[in-house]
Amino acid sequence: MHDEDDFDGGPDFDDEDDSVEAKVWQLLLLINPGDEETALLQFTDYREAVVELDADEIEPIEVIARVIDWRSGFIVDAHDLRSLVQAVNELSSRWNLSIDWNGDPDDDEFFDDMDAAELFSIAYDRLAEFGYTLWAWETDGDTYAGWMTLTRDGEPLRELATALGINLRLGSEVS
């Protein structure tokens, strides 16, 4: 349970703070546009997850992925195209956006001639129409992972991803 005082604003980092935690906080703000409360809850979960770990053992993206999964981001099996569509639809619905997938994802035949790269590309194009960008990040396994930001936040997100060691690409660049 979180105290209401937790929501009086984000963590108290100054503008010069170059710590991993400060970067994680900024990233969470970018992938939760206009929803600082969710970012703060996820940041609290992040801090709780890393408190027991040695700083050298922490891979920020692994912890971030756990605290945002199916709320502000997703990781799905590379062969589970239905879950990929569901995850992107879930993210889009946070901002009352609906994606036209060029067909009916509820129809089993929809996925016959589709692959993950094509689905990412469709979603990327549709979200761009509303000022959002779908991103993917490289995972170690046979999975696809991603999140959304406002399109205007693309450059700050790229800088944070680089600083955090996250191999990030636009949804339209997924192969």
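Residues numbered from 1 in each chain as written. Predicted model: local features only at pLDDT ≥ 70, side-chain atom pairs only at ≥ 80, totals over all residues. Heavy atoms only, no water.

### Some thoughts on the overall build of the chain
Here is the rule: Strands here are runs of E lasting at least two residues and helices are runs of H or I lasting at least four, both read from the DSSP assignment and numbered beginning at the N terminus. Atoms counted for the radius of gyration: C-alpha only. Globule rule: 2.2 Å times the number of residues to the power 0.38. For each residue, the accessible area found with a 1.4 Å probe, counting protein chains only, is set against the maximum for its type, and the residue is called buried under 20%, exposed over 50%, and partly exposed in between. Note on contacts: a residue pair qualifies if any of its non-hydrogen atoms lie within 4.5 Å across the two residues. Each accessible area is a Shrake-Rupley estimate made with a 1.4 Å probe; only the visible protein chains count as cover when residues are assessed. Neither His nor the chain ends is counted toward charge; the positive residues are Lys and Arg and the negative residues Asp and Glu. Every charge is mapped onto a representative atom, which is NZ of Lys, CZ of Arg, CG of Asp or CD of Glu.
Counting its regular elements, the chain contains 6 helices and 4 strands. Listed N to C, the secondary structure of the chain is α-α-α-β-α-α-β-β-α-β in terms of helices and strands. For 175 residues, the compact-globule estimate of 2.2 N^0.38 gives 16 Å, and the C-alpha radius of gyration of the chain, at 17 Å, lies within 12% of that figure. Seen through its C-alpha atoms, the chain measures out along the principal axes to roughly 50 × 30 × 30 Å. The buried share among the 175 residues of the chain stands at 47%. Sequence separation of at least 24 residues holds for 57% of the intrachain contacts in the chain that already meet a minimum separation of 6. About 9,600 Å² of surface is accessible on the chain, with carbon and sulfur atoms providing 40% of the total. Charge separation in the chain, taken as the distance between the mean sites of 10 positive and 46 negative side-chain charges, equals 3 Å.

### Re the packing of helix α1 (residues 20-30) against helix α2 (residues 36-50)
Here is the rule we go by: Lines fitted to C-alpha atoms define the axes, with helix axes restricted to the stretch in contact, and inter-axis angles between N-to-C directions lie between 0 and 180 degrees. With the far helix as reference, a near helix turned anticlockwise by less than a right angle produces a left-handed crossing, and one turned clockwise produces a right-handed crossing. Ten residue types, Ala, Val, Leu, Ile, Met, Phe, Trp, Tyr, Cys and Pro, are classed as nonpolar, four, Asp, Glu, Lys and Arg, as charged, and the remainder, Gly among them, as polar.
Look at α1 against α2: their axes get within 9 Å of each other, and the N-to-C directions meet at 145 degrees. Every pair of crossing elements has a handedness; the one defined by α1 and α2 is right-handed. Every residue of α2 that contacts α1 at Val-20, Glu-21, Val-24, Trp-25, Leu-28 and Leu-29 is listed here: Glu-36, Ala-39, Leu-40, Gln-42, Phe-43, Tyr-46 and Arg-47. Grouping the constituent residues of the contact of α1 with α2 by class yields 9 nonpolar, 1 polar and 3 charged.

### Things to note about the pattern of salt bridges
The condition that has to hold: Definition used for salt bridges: Asp or Glu carboxyl oxygen within 4 Å of a side-chain nitrogen of Lys or Arg.
This model, assessed by the stated rule, comprises 7 salt bridges. The salt bridge partner of Arg-169 is Glu-138, with a shortest N-O separation of 3.9 Å. Of this pair, Arg-169 sits in strand β4 (residues 168-170) while Glu-138 sits in the loop between β2 (132-137) and β3 (143-150), and the two are 31 residues apart along the sequence. With relative accessibility at 25%, the residue Arg-169 sits in the partly exposed group.

### Some thoughts on the packing of aromatic side chains
Stated formally: For this analysis, a ring pair means two rings from Phe, Tyr or Trp (six-membered ring only for Trp) whose centres lie within 6.5 Å, classed as stacked if their planes differ by under 30 degrees, edge-to-face if by over 60, and tilted for the remaining angles.
Summed over the entire model, instances satisfying the criterion amount to 7 aromatic pairs. For the pair Trp-25 and Phe-43, a centre-to-centre distance of 5.5 Å together with 65 degrees between the ring planes defines the contact as edge-to-face. Taken together, the positions of Trp-25 in helix α1 and Phe-43 in helix α2 put the pair 18 residues apart, joining distant regions of the chain. Residue class for Phe-43 comes out buried when judged on its relative accessible area of 1%. Site record: aromatic cluster; members linked through ring pairs are Trp-25, Phe-43 and Tyr-46.

### With respect to the sheet that holds β2
By definition, the strands of a sheet pair up through backbone hydrogen bonds, in either a parallel or an antiparallel sense. Under the convention used in this document: Strand pairing is defined by DSSP finding a minimum of two bridges between the two strands.
Pairing in this open sheet of 4 strands is antiparallel, and the strands run β1-β3-β2-β4 from one edge to the other. The sheet is open, and its two edges are formed by β1 (73-77) and β4, each paired on a single side. With direction set aside, neighbouring strand axes in the sheet form an average angle of 30 degrees. Judged from the 5 bridges that link them, β1 and β3 form a sheet pairing that is antiparallel. The partner of Ile-75 across the bridge, within β3, is Ala-145. Of the strands in this sheet, β1, β2 and β3 are in contact with helix α4 (residues 81-93), which crosses β1 at around 175 degrees. Taken strand by strand, helix α6 (residues 154-163) contacts β2, β3 and β4, and its axis lies near 155 degrees from that of β4.

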